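# Working through the structure, step by step
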Amino acid sequence: MRPIMVAGNWKMNGLSADAVHLTQAILHAEMEPMRPEVVIFPPFTLLHAVSQEAKSSALRWGGQNLFWEASGAYTGEISGAMLRDMGCRYVLIGHSERRQIFAESDAQVAQKVKVALLSGLTPVVCVGETEAERAQGATEAVIHRQVEAVLPLLNLETSQPNMIIAYEPIWAIGTGLSASPEQAQAVHAFIRGLVAAYSTQLAKRLLLLYGGSVKGNNAAALFGQTDIDGGLVGGASLQVGEFIQICRAAELAGRGG
Ligand code: PGA
């Protein structure tokens, strides 16, 4: 059985006091340790505060982005080693906001995944189609292109996948209009099939998260799908009650670690 994961992407929100408050609230929710695996992605400026609150707990945290060089004259960028130094285990790569607002290409996403792996981080690679692409029937073609850019970086020599993939249809992000469980399941199954072409073993174990307007009231139906192994949650991760409800839904989805 694959474990289930709930990841909270805070995006560019929050100051120190919010980080302390949110992190403490999650810690006090007394979820069963490690089930689900709960990971938060605060802005870089809050990583230290989160790490101080969460360091001796099962809660994990990660960066929302990183740069592909190890160090040097790259004003404003953050390296994998810097994230590790903040206690990060994970890093989001290729979020649609990075792809759309900052023009990150598939090739750049792959470079970032490579350096994340070299730094000992688990990349959470985000993929997803726009509303227009879905309307044109191009969803699978887009997902295929985005996923194929990173699959050569799968480590085929181990049985545990070295990355996580998050399917986030762009039309569902921040819109309140989640993909239906069936729509999401169909794309997740498609992605798992792409991974299976590399390794059936890794495909079975790869965590596939769904993101895009996951809320307390739709999480259970999404997490109940065969190929949905949890959620990447934006807006609702900033609302303690909603986020805990989503974590509870994951807990009830009843998967062991
Ligand atoms: P949302 O964002 O939950 O606010 O739709 C998801 C994401 O962008 O990761």
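Reading around the circumference, β1-β2-β3-β4-β5-β6-β7-β8 is the order of the 8 strands in this closed barrel, with parallel pairing throughout. Neighbour to neighbour, the strand axes of the sheet diverge by 25 degrees on average, direction disregarded.

In this section: the pairing of strand β7 (residues 208-211). Residues in a regular strand point their side chains to alternate faces of the sheet. A two-sided burial pattern is seen for β7, the buried positions comprising Leu208 and Tyr210 on one face and Leu209 and Gly211 on the other. Where strand β6 (residues 164-167) meets β7, 3 bridges bridge the pair, whose relative direction is parallel. The partner of alanine 166 across the bridge, within β7, is leucine 209. With 2 bridges connecting them, β7 and strand β8 (residues 230-233) associate as parallel partners. From the neighbouring strand, tyrosine 210 faces β8, where its bridge partner is glycine 231.

Before going further, it helps to examine the site of the ligand. Near the ligand you find 13 residues, and of these Lys11, His95, Glu168, Gly174 and Ser213 are the closest. Between the ligand and glutamate 168, the relevant distance is 2.6 Å, taken from an oxygen atom to a side-chain nitrogen or oxygen of the residue. At 2.8 Å from an oxygen atom of the ligand is found a main-chain nitrogen or oxygen belonging to glycine 235. When the ligand is considered free in solution it has 280 Å² of accessible area, and contact with the protein chains removes 97% of it. Each residue belonging to the shell around the ligand can be placed in one class, and the counts come to 4 nonpolar, 7 polar and 2 charged.

It is worth spelling out unusual backbone geometry at this point. One non-glycine residue, lysine 11, adopts positive backbone phi at about 55 degrees. Here the phi dihedral of serine 213 falls at roughly 60 degrees; this positive angle occurs in a residue that is not glycine. For serine 213, the location among the structural elements is in the loop between β7 and α10 (219-223). Judged by its relative accessible area of 8%, serine 213 is buried.

Applying the stated rule across the entire model yields 3 aromatic pairs. Taken together, a centroid distance of 4.9 Å and an interplanar angle of 50 degrees make the contact between phenylalanine 67 and tyrosine 74 tilted. On the accessibility criterion, phenylalanine 67 (13% relative accessible area) is buried. Of the aromatic side chains, those joined through ring pairs into one cluster are Phe67, Trp68 and Tyr74. Over the ring of phenylalanine 102 we find arginine 98, and its NZ or CZ is 4.1 Å from the ring centre.

Next up on the list: the pattern of salt bridges. All told, the structure shown has 10 salt bridges when counted by the stated rule. Two residues, arginine 99 and aspartate 106, come together in a salt bridge whose shortest N-O distance is 2.8 Å. Residue arginine 99 shares its accessibility class with aspartate 106, and that shared class is buried. A salt bridge links glutamate 104 to lysine 112; the shortest N-O distance between them is 2.7 Å.

Calculation notes
Sequence positions are assigned chain by chain, starting from 1 and proceeding in written order. Per-residue local features of the predicted model are confined to residues with pLDDT of at least 70, and side-chain atom pairs are confined, for both listing and counting, to 80 or more; whole-chain, interface and lining totals are unaffected and use all residues. Only heavy atoms go into the side-chain values, all of them from the structure, while hydrogens and water stay out. For two strands to be treated as a pair, DSSP must find no fewer than two bridges joining them. Helix and strand assignments follow DSSP, with helices taken as H or I runs no shorter than four residues and strands as E runs no shorter than two, numbered in order from the N terminus. Axis definition: a line fitted to C-alpha atoms, limited for helices to the stretch in contact. Angles are taken between N-to-C directions and run from 0 to 180 degrees. We call a residue buried when its accessible area falls under 20% of the maximum for its residue type, exposed when it is over 50%, and partly exposed in between, using a 1.4 Å probe and counting protein chains only. Definition of nearness: a residue and a molecule or strand are near each other if at least one heavy atom of the residue lies within 4 Å of the molecule or strand. Here a polar contact is recorded for every N or O atom pair within 3.5 Å, except that within protein the pair must consist of a potential hydrogen donor and a potential acceptor, and residues adjacent in sequence are included only if both atoms are side-chain atoms. Method for areas: the Shrake-Rupley scheme with a 1.4 Å probe, in which residue coverage is limited to the protein chains shown. Residues are sorted three ways: Asp, Glu, Lys and Arg are charged, Ala, Val, Leu, Ile, Met, Phe, Trp, Tyr, Cys and Pro are nonpolar, and all the rest, Gly among them, are polar. Here a Phe, Tyr or Trp ring, Trp counted by its six-membered ring, pairs with any other such ring whose centre lies within 6.5 Å, and the pair is stacked when the planes are under 30 degrees apart, edge-to-face when over 60, and tilted otherwise. Comment: the charge-over-ring label is applied if NZ (Lys) or CZ (Arg) is within 6 Å of the ring centre and within 35 degrees of the ring normal. Should a side-chain nitrogen of Lys or Arg be within 4 Å of a carboxyl oxygen of Asp or Glu, the pair is scored as a salt bridge.

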